[in-house]
Amino acid sequence: MECMSLLGFGACAPDPEFRISLPFPAFDIDRDTIPPLLRRRTSQATQMAFSAATVAYRQAQRSPEALPSVFASVAGEIQTTDLLCTELVKPAGIISPSVFHNSVQNTAAGYWSITQQCQQPTSALAAGCDTFAMALLEAWCQLTCLGGELLLVCYDENWPKYLAPGQGQPAFACALVLAAGAVEDSILHIGRPHLGTDIFPHAWESLVASMPVLAAIPLLSLAATGGETQIIPVSPLATGWQAKISPSSTMLGSS
Amino acid sequence: MPAADPKAKPEMTKHPQIPPVAVTAYQCVSAAGEDVEALYNSLIANRSCLQPLRLFDIPFKTVVGEVTSPLPNIRQSLKAYDCRNARLALKALNQGEFRSDVERAIANYGALRVGLVLGTSTSGIYDSENAYAHFLSDGIMPSDFHFMQIQTAQATAEFLQRELELQGPCYGISTACSSSAKALGAAQRLIMSDFCDAVLVAGVDSLCRLTLRGFHSLQLISPEACRPMDINRRGINIGEGAALLLLERQSADNTARPRLLAVGESSDAHHMSAPHPEGTGAVLAMTQALRLADREVGDVDYINLHATASILNDQADAKAINNLFPNPPPCSGVKGLLGHTLGAAGAVEAVVSLLALERGFLPGTCGLEQADPNCPCPVIATPRLECAPKLVLSNSFGFGGNNASVLLEVA
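Residues numbered from 1 in each chain as written. Chains lettered and ligands numbered in written order. Predicted model: local features only at pLDDT ≥ 70, side-chain atom pairs only at ≥ 80, totals over all residues.

What about the overall build of chain A?
What counts, and what does not: Working definition: helices are DSSP H or I runs of at least four residues, strands are E runs of at least two. Numbering for both runs from the N terminus. The size measure is the radius of gyration over C-alpha atoms, and the globule rule it meets is 2.2 Å times the number of residues to the 0.38 power. As a rule, residues whose C-beta atom has 12 or fewer other C-beta atoms within 10 Å are exposed, those with 20 or more are buried, and those in between are partly exposed; C-beta atoms are placed from the backbone. Here, residue contact means that the backbone-derived C-beta atoms of the two residues sit within 7 Å.
Counting its secondary structure elements, chain A contains nine helices and nine strands. A globule of 255 residues ought to have a C-alpha radius of gyration of about 18 Å, and chain A, at 18 Å, matches this closely. Expressed as lengths along the three principal axes of its C-alpha atoms, the size of chain A is roughly 60 × 40 × 35 Å. When each of the 255 residues of chain A is scored for burial, the buried share is 58%. Long-range pairs, those at least 24 residues apart, make up 74% of the contacts in chain A between residues at least 6 apart in sequence.

So, the nonpolar core
Our working rule: By convention the nonpolar core is taken to be a set of buried residues drawn from Ala, Val, Leu, Ile, Met, Phe, Trp, Tyr and Cys and joined through C-beta atoms within 7 Å.
One finds Ala 52 and Ala 175 of chain A together with Val 351 of chain B to be the most contacted residues of the largest nonpolar core, which totals 238 residues. In this structure, Val 351 of chain B is in contact with Tyr 26, Cys 28, Val 36, Leu 39, Ala 243 and Leu 245 of chain B, ignoring residues within four places of it in sequence.

Some thoughts on the interface of chain B and chain A
By a widespread convention, an interface's size corresponds to the accessible area lost as its parts come together. As a reminder of what qualifies: The residue classification treats Ala, Val, Leu, Ile, Met, Phe, Trp, Tyr, Cys and Pro as nonpolar and Asp, Glu, Lys and Arg as charged. All others, Gly included, are polar. DSSP calls a pair of strands paired once it identifies at least 2 bridges connecting them.
Contact with chain B, which involves 50 residues of that partner, is made by 45 residues of chain A. Contributions of two or more residues to the side of chain B that touches chain A are made by helix H4 (125-138), helix H5 (147-150), strand E3 (170-173), helix H7 (179-192), helix H8 (209-217), strand E6 (259-267) and helix H9 (280-293) of chain B. With six residues, H4 of chain B is the single largest residue contributor to the side of chain B that touches chain A. In the side of chain B that touches chain A, the residues fall into 24 nonpolar, 19 polar and seven charged. Pairing analysis gives two bridges linking strand E3 (residues 122-126) of chain A to E3 of chain B, with the strands arranged antiparallel. Counterpart to Ala 126 of chain A in the pairing with E3 of chain B is Gly 172 of chain B.

Some details on unusual backbone geometry
Look at the link from Gln 169 of chain A to Pro 170 of chain A: it is a cis peptide, with omega at -5°. Its identity as a non-glycine residue notwithstanding, Ala 176 of chain B has a phi of 55°, on the positive side. Within the secondary structure, Ala 176 of chain B is located in the loop between E3 and H7. Of note in the backbone geometry, Gln 219 of chain B takes a positive phi value of approximately 60° without being a glycine. Turning to its location among the elements, Gln 219 of chain B is positioned in the loop between H8 and strand E5 (241-249).

Notes on the pairing of strand E2 (residues 114-119) of chain B
Residue and element names in this part refer to chain B. Burial runs high along E2: six of the six residues are buried. Judged by which residues are buried, E2 turns out to be covered on both faces: Val 114, Leu 116 and Leu 118 on one side and Gly 115, Val 117 and Gly 119 on the other are all buried. Two strands pair when backbone bridges link them, and E2 and strand E4 (residues 198-205) are joined in this way by six bridges, in the parallel orientation. Of the residues in E4, the one forming a bridge with Gly 119 is Gly 203. Direction of pairing for E2 relative to E3: parallel, over a ladder of four bridges. Counterpart to Val 117 in the pairing with E3 is Tyr 171.

Let's talk about helix H4 (residues 78-89) of chain A
Selection criterion: Expected helix span is computed as 1.5 Å times (number of residues minus one). By construction, the arc corresponds to the directions joining the helix axis to the C-beta atoms.
When the terminal C-alpha atoms of H4 of chain A are compared, their 17 Å separation across twelve residues agrees well with the 16 Å that a helix rising 1.5 Å per residue should span. Taken as a whole, H4 of chain A has its buried residues at Ile 78, Thr 80, Thr 81, Leu 84, Cys 85 and Leu 88 of chain A. Projected down its long axis, H4 of chain A carries its buried residues within an arc of 155°, all on one side. Those residues of H4 of chain A hidden inside the fold are in contact with helix H5 (97-101) of chain A together with H4 and H8 of chain B.

What about the packing of H9 of chain B against helix H10 (residues 311-324) of chain B?
All names here are of chain B. Our working rule: Geometry is summarised by axes, namely lines fitted to C-alpha atoms with helices restricted to the contacting stretch, and by angles between N-to-C directions that run from 0 to 180 degrees. These descriptions rest on fixed angle ranges, namely under 35 degrees for roughly parallel, over 145 for roughly antiparallel, 65 to 115 for roughly perpendicular, and the rest for oblique. Throughout, a crossing is termed right-handed when the near helix is turned clockwise from the far one, and left-handed when it is turned anticlockwise from it by less than a right angle.
Here H9 crosses H10 at 50°, and the two axes come no closer than 8 Å. When the axes of H9 and H10 are compared, the pair comes out oblique. Viewed along their axes, H9 and H10 form a crossing whose handedness is right-handed. For the pair H9 and H10, the contacting residues are Ala 282, Val 283, Met 286 and Thr 287 in the first and Ala 316, Asp 317, Ala 320, Asn 323 and Leu 324 in the second. Here the residues of the contact of H9 with H10 are counted per class, giving six nonpolar, two polar and one charged.

With respect to the environment of Ala 26 of chain A
Residue and element names in this part refer to chain A. Mapping Ala 26 onto the fold places it in the loop between helix H1 (16-21) and helix H2 (36-39). Separated by 14 residues in the primary sequence, Ala 26 and Cys 12 have C-alpha atoms spaced 5.2 Å apart. Among residues more than four places away in sequence, those in contact with Ala 26 are Ala 11, Cys 12, Ala 13 and Arg 19.

Quick look at helix H3 (residues 44-60) of chain A
Given 3.6 residues per turn, any residue in an α-helix points the same way as the ones three and four places further on. Residue and element names in this part refer to chain A. Over its 17 residues, H3 runs 24 Å from end to end, which matches the ideal 24 Å to within 8%, given 1.5 Å per residue. Burial of H3 is extensive: 15 of the 17 residues sit out of reach of the surface. Looking one or two residues past H3, Gln 61 carries a phi angle of roughly 55°, positive in sign.

Brief notes about the confidence of the model for chain B
This is how it is decided: pLDDT gives the predictor's per-residue confidence on a scale running from 0 to 100.
Looking at chain B, the pLDDT average stands at 96 and 97% of residues meet or exceed 70. For this predicted complex, the interface score ipTM comes out at 0.97, alongside a pTM of 0.97.

Structural data, given as structure tokens:
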């Protein structure tokens, strides 16, 4: 496989100040993307993942029930897990069955498959500050081995501040619909991820250190604004994963 | 399907969609003991290793598959990763020749070409729970609590990577009870996609209050040793363990090793904590594994069931097999021996399947006395020592309706 093609993308950033600072379109949580029965039961993480994924598959004009998916998150359902850990300390702490099953890392992935009636495989992965890079790598491998198209969602809700001081804000989710090979009229062609020494944009350095899934910013920027073919970092690490990105000519000048 | 005798079938050239990979080494720490030999002996004896929980107190009665032998210390330079999960992984790494097998792979291919994929459901959360006790009494998390190195799903993957000085891709898959079965699939794809020549797959989960009390809240925990597929079952037991498998690109050097042919994956799209009652997602996962490997249902000699001993799970598992296989092969489940090791179960039971393939036997189903008539598949209660399976399917199904089916073949 020479490259994979970006067919659609979406981003969700609940904090309005942060949202307007982003160099690509991002939206607040869209509650209409979550079935009414799930709205009260799902976390910020899952709601952001749904919101971004919905923008992406609609832009790609694809049916979500046909797409295998990769959900990637550093801390997963950390607010729910935090609640459980707090209750577990108390002698009479209450563990609710639904809170328990909503604490697994594949909560967003599971609810997505149920909501979309999608029986395609779905995965949930984590890789610390390389979470976006490894999600892209996993997507590359799936498309190489199995062909077709898939949905990649990378997200993290705000983490409780005492867990990792200085980390875990601001909440962010992005979603990419990707296809195997060079698809005409796609937004970007994404080359094979490889290790390199390209430096992560200085302007985003401190934010990505706090919220590792923001490593998607350079790719999403290029998706929104187009530009020259270039190698961009997908990891904040000094020697990290990067990929050659070719914006489609049809996107030049648009935003 | 024609009901031909599989032994009479002529050898045909297979055209797998994904190239098989060699399993060049494997190890497992479990309630059965500290290595694969202890696991093998336990499988042959078919005697439960479940016992009352020692690690912490819980407000109800059950038995667990606890690793009771001492766990090794984490080296000083990697102390930030120190947690029960990392220690279980380190213990497995130090058994037999496993560490030197990984070092040989590094020498052969280079550290950049050796990846690591971990499957875990709760990572180091047992230690996080202890940190929270400190936090709620003192108002601060203890100074040795490192969220990214202990609690997040790739924490123990990073620990193993640094312990072994690997430099290839490294991540954690956390899809509840299918985690490490899916890690095997991801590892095979990393090799096919030429990011790696070898991948260390780890399935590691430790006992913790969160899963014990969580499953208890779902009314799924059995007060006594679990009885998979039995009409009188009373629920599941939780276990812990670490299983490590070294996968390598096939070459002339490893033709004598068993092979991972494929991992089929699917979603139930039904419910967060209950399987589809007819096992439709499980059928899809098994079908995909066979299709990717270009094998027929009649080629499978033995199925390692997910068989947790929850009623819904056992019945969905059996119905799926009954729907897919016109003549299902012998089936059994090992959670009556080891408990349900959750995110580690896929890798632990891949090791069980590899032992069956390499040493020529079929494991039994410890705890099974009277088969549930609503589980329509041929479950064997006691081990069969005269059987030498050649092709084994191992099922893992998790929360979120997340299914994975691992297909392994003898050398």
